[in-house]
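Chain by chain, the residues:
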Amino acid sequence: MVDEEALKPIRNVLEHVRERIDYVVHRLGKIEEVRSLAWRCRSCGYIKHFTRPMPAEVAPPCPKCRGTLFEPKG
């Protein structure tokens, strides 16, 4: 019983550190996702524009050739 009381502050600190690490890992996952205002079709070169940055999964299909592979315009 006495040992549990002595370890309680350490446990609280470790839980807080774990919460912060989970938050940072979640934020890093969002950073790795490539978003762009314009995506270029790899087949025909058509550039599809957006009003805010979007991931590549949103761009297909190409309105010109119905292609499904896009890369960020750059």
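Check the entry above for the structure.
Note that the structure is a prediction, hence the values are computed from the model and not measured.

Thresholds, definitions, all that
- Residues numbered from 1 in each chain as written.
- Predicted model: local features only at pLDDT ≥ 70, side-chain atom pairs only at ≥ 80, totals over all residues.
- Heavy atoms only, no water.
- Pairing = 2+ DSSP bridges.
- Helix = DSSP H or I, 4+ residues; strand = E, 2+ residues; numbered from the N terminus.
- Patch = residues over 30% accessible without salt bridge, like charges linked within 9 Å, V, L, I, M, F, W, Y side chains within 5 Å.
- Areas by Shrake-Rupley, 256 points an atom, 1.4 Å probe, with all protein chains shown as cover.
- Salt bridge = Lys/Arg side-chain N within 4 Å of Asp/Glu carboxyl O.
- Buried < 20%, exposed > 50% of the residue type's maximum accessible area, 1.4 Å probe, protein only.
- Contact = heavy atoms within 4.5 Å.
- Polar contact = N/O pair within 3.5 Å; in protein donor to acceptor, adjacent residues only side chain to side chain.

J.: Sorry if this is basic, but what is going on with the pairing of strand β2 (residues 47–55) here?
T.: For a regular strand, side chains alternate in direction, first toward one face of the sheet and then toward the other. For strand β1 (residues 35–41) and β2, the ladder comprises five bridges, and the chain directions are antiparallel. Bridge assignment links serine 36 to a residue of β2, and that residue is methionine 54. In this structure, the hairpin formed by β1 and β2 is closed by a connection of five residues, where glycine 45 is found at a positive phi of approximately 85°.

J.: How should I be thinking about a nonpolar patch on the surface in this particular structure?
T.: A grouping of Val13, Val17, Ile21 and Val25 is seen on the molecular surface, where their side chains present a nonpolar patch of about 340 Å² in accessible area. Take isoleucine 21: it is sitting in helix α1 (residues 2–32). A relative accessible area of 47% means that isoleucine 21 is categorised as partly exposed.

J.: Just checking my understanding: could you explain the environment of lysine 64 for this structure?
T.: For lysine 64, the location among the structural elements is in the loop between β2 and β3 (70–72). Excluding anything up to four places from it in sequence, lysine 64 contacts Cys44 and Tyr46.

J.: I keep staring at the environment of leucine 28 and nothing clicks. Help me out?
T.: Turning to its location among the elements, leucine 28 is positioned in helix α1. Residues leucine 28 and proline 53, spaced 25 residues apart in sequence, show a C-alpha to C-alpha distance of 17 Å.

J.: Where do I start with the pairing of β1 in this structure?
T.: By the bridge criterion, three bridges tie β1 to β3 in an arrangement that is antiparallel. Its bridge partner being in β3, cysteine 41 is matched across the sheet by phenylalanine 70.

J.: Just to check I follow, could you spell out the environment of tryptophan 39 for this structure?
T.: Positionally, tryptophan 39 belongs in strand β1. Here the alpha-carbon distance between tryptophan 39 and lysine 73, two residues 34 residues apart in the chain, equals 5.2 Å. Among the polar contacts listed, one links the side chain of tryptophan 39 to the backbone oxygen of methionine 54, at a separation of 2.9 Å.

Such coordinate-based values are descriptive only and should not be taken to indicate function.
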